Amino acid sequence: MSWVEKLEVLNAENTFGLPEALVLLNPAYFNEIEASDQRGKDSFQPAKPGSKCRSRELWGYECPFSDSTIHVDHTFPRSRGGMTHSDNAMYLCQEHNIPKSNDIHLIPWEKMLERRAWIDISFNHLIASAARTTRVKLYFPEVALGRL
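Observations regarding the pairing of strand E2 (residues 89-93)
Counting buried positions along E2 gives 4 out of 5 residues, so the element sits mostly inside the fold. As paired elements, strand E1 (residues 70-74) and E2 share 5 bridges and run antiparallel to each other. Bridge pairing links His71 to Leu92 in E2.

Take a look at the structure:
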């Protein structure tokens, strides 16, 4: 099933899905409820020698820059709520990483729709923090949380 089909299934069920979770993980929401920032450090450890650029996932072709330094950056941008976690790491050469910036339109959504530990960690922290600051019981169906 393609990512578009998966997204259509999530949207057709009218239950909480990954697109909503990623919107809620924006750092502004953590600030509003005075939750601690669970995103971790600003950057990843440097790439190990021999790491390859994963330009095919973003740009659709193999990287021609064999001598370029490999950057380890966030697949889902940290500035938009992405955590510095191995599940959210993207290895790109400088030439492919710099233009990517924090453009979410370039994200390989088929990878993001797989179960991602960093999304669970961040989202559960957000729910727990919000529950401490409100008298309203926050309810998210288990089936919906299971899809995150």
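So much for the structure itself; the text now carries on.
A few points about the environment of Lys100
Its place among the elements puts Lys100 in helix H5 (residues 94-100). On a C-alpha basis, the gap between Lys100 and Leu58 in space is 8.5 Å, while along the polypeptide they are 42 residues apart. Setting aside chain neighbours within four positions, we find Lys100 in contact with Leu58, Trp59, Asp73, His74, Thr75, Leu92 and Leu106. Within the structure, the side chain of Lys100 is placed 3.0 Å from the backbone oxygen of His74, a separation counted as a polar contact.

Things to note about the pattern of salt bridges
Counted according to the given criterion, the structure contains 6 salt bridges. Notably, a salt bridge pairs Glu57 with Arg54, separated by 2.8 Å at the nearest N-O pair. By relative accessible area, Glu57 is classed as partly exposed at 27%. In this structure, Glu62 engages Arg56 in a salt bridge whose closest nitrogen and oxygen atoms are separated by 2.7 Å. Beyond isolated ion pairs, a larger network of salt bridges with shared partners links Asp37, Arg39, Asp42 and Arg78.

A look at the layout of surface pockets
Here the second largest pocket defines a volume of roughly 180 Å³. Taken together, Gly50, Ser51, Lys52, Cys53, Glu62, Cys63, Phe65, Ser66, Ser68 and Ile70 make up the lining of the second largest pocket. Looking at the lining of the second largest pocket residue by residue, the classes come out as 4 nonpolar, 4 polar and 2 charged.

Some remarks on unusual backbone geometry
Residues other than glycine seldom take positive phi values, yet Ser101 does so here, at roughly 50°. With respect to the helices, strands and loops of the structure, Ser101 is situated in the loop between H5 and helix H6 (109-112). For Ser101, a relative accessible area of 45% corresponds to the partly exposed category.

Focus on the side chain of His74
As for its placement among the helices and strands, His74 is situated in strand E1. Overall, His74 belongs to the buried group, its relative accessible area being 4%. At 3.5 Å, the side chain of His74 forms a polar contact with the side chain of Asp73.

Observations concerning the nonpolar core
Leu22, Leu25 and Trp118 are the most contacted members of the largest nonpolar core, which totals 14 residues. Of all the elements, helix H7 (residues 117-133) adds the most residues to this core, at 6 residues. Counting residues in each nonpolar core, the second largest holds 6 residues, with Cys53, Ile70, Leu92 and Cys93 among its members.

What counts and what doesn't
All chains use their own residue numbering, which begins from 1 and follows the written sequence. pLDDT decides what is reported in this predicted model: residues at 70 or higher carry local features, side-chain atom pairs at 80 or more are listed and counted, and totals for whole chains, interfaces and linings draw on all residues regardless. Computation of side-chain values: all heavy atoms of the structure, hydrogens and water removed. Type-normalised accessible area, obtained with a 1.4 Å probe on protein chains alone, sets the label of each residue: buried when under 20%, exposed when over 50%, and partly exposed for intermediate values. Numbering of helices and strands runs from the N terminus; a helix is a DSSP stretch of H or I covering at least four residues, while a strand is a stretch of E covering at least two. Note on pairing: two strands pair once DSSP finds at least 2 bridges between them. The contact criterion used throughout is that any non-hydrogen atoms of two residues lie within 4.5 Å. We call two N or O atoms a polar contact when they sit within 3.5 Å, provided that within protein one can donate a hydrogen and the other can accept it, with sequence-adjacent residues counted only if both atoms are side-chain atoms. Any Lys or Arg side-chain nitrogen located within 4 Å of an Asp or Glu carboxyl oxygen qualifies as a salt bridge. Definitions used for this entry: grid spacing 1 Å over protein atoms alone; cavity, a set of points where a 1.4 Å probe fits but cannot get out; pocket, an open set with protein on both sides within 12 Å along at least 5 of 7 lines; lining residue, one with an atom within 4 Å of a point. Grid points are joined across faces, edges and corners, and a volume is the space filled by probe spheres set on the points. Polar here means any residue other than Ala, Val, Leu, Ile, Met, Phe, Trp, Tyr, Cys and Pro, which are nonpolar, and Asp, Glu, Lys and Arg, which are charged; Gly is therefore polar. We define a nonpolar core as any set of buried Ala, Val, Leu, Ile, Met, Phe, Trp, Tyr and Cys residues linked to one another through side-chain atoms lying within 4.5 Å.

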